[in-house]
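# Fold and geometry: a report
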Amino acid sequence: MGTPNLREIFERRVREHDLTYMYSDDPGSYRAGSGSLSAIKTLAKEINDPEYTNKVWNDKVDKYLSESYRAPFYWK
C-alpha cells in the first residue's frame, strides 16, 4: 500500500468534514470544523485544479445538504 497522494487526502478530508460545523453551539466542534475547512482549502490550493476540487466539494454538498440550503456552501 503506497502513500496517499494529495487528491486522495483531499477527498478523504472532504468526506470527513462536517459541513454544518458553523451552526454548532459547542466551541470545540466549531474549532474542529474551522480547522478542517482550513486544511481542505490549503490542500485545494496545493492541488491547483479548481475544476477537480470544486467538483469533489460540491458533490459532498449535494449529497449531504437539502437542495434549499446548498447554494451558500458551493465552491465556484
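Nothing here was measured: the structure is a model prediction, and the numbers come from that model.

### Considering the environment of Asp49
Within the element layout of this structure, Asp49 appears in the loop between α2 (27-47) and α3 (50-64). The class for Asp49 is partly exposed, based on a relative accessible area of 23%. Leave out the neighbours within four places in its chain, and Asp49 touches Arg7 and Ala44. Here the side chain of Asp49 touches Arg7 through a polar contact of 2.8 Å, side chain to side chain.

### So, the nonpolar core
Among the nonpolar cores identified, the biggest contains 16 residues, and Phe10, Val14, Ile40, Trp57, Val61 and Trp75 are the most heavily contacted of them. At the level of elements, α1 (6-16), α2 and α3 are the ones that each hand at least two residues to this core. Considering each element in turn, this core owes the most residues, five residues, to α2. Those residues in contact with Ile40 that sit more than four places away from it in its chain are Phe10, Arg13, Val14, His17, Trp57 and Trp75.

The rules behind each value
- Residues numbered from 1 in each chain as written.
- Predicted model: local features only at pLDDT ≥ 70, side-chain atom pairs only at ≥ 80, totals over all residues.
- Heavy atoms only, no water.
- Helix = DSSP H or I, 4+ residues; strand = E, 2+ residues; numbered from the N terminus.
- Buried < 20%, exposed > 50% of the residue type's maximum accessible area, 1.4 Å probe, protein only.
- Contact = heavy atoms within 4.5 Å.
- Polar contact = N/O pair within 3.5 Å; in protein donor to acceptor, adjacent residues only side chain to side chain.
- Core = buried A, V, L, I, M, F, W, Y, C linked by side-chain atoms within 4.5 Å.

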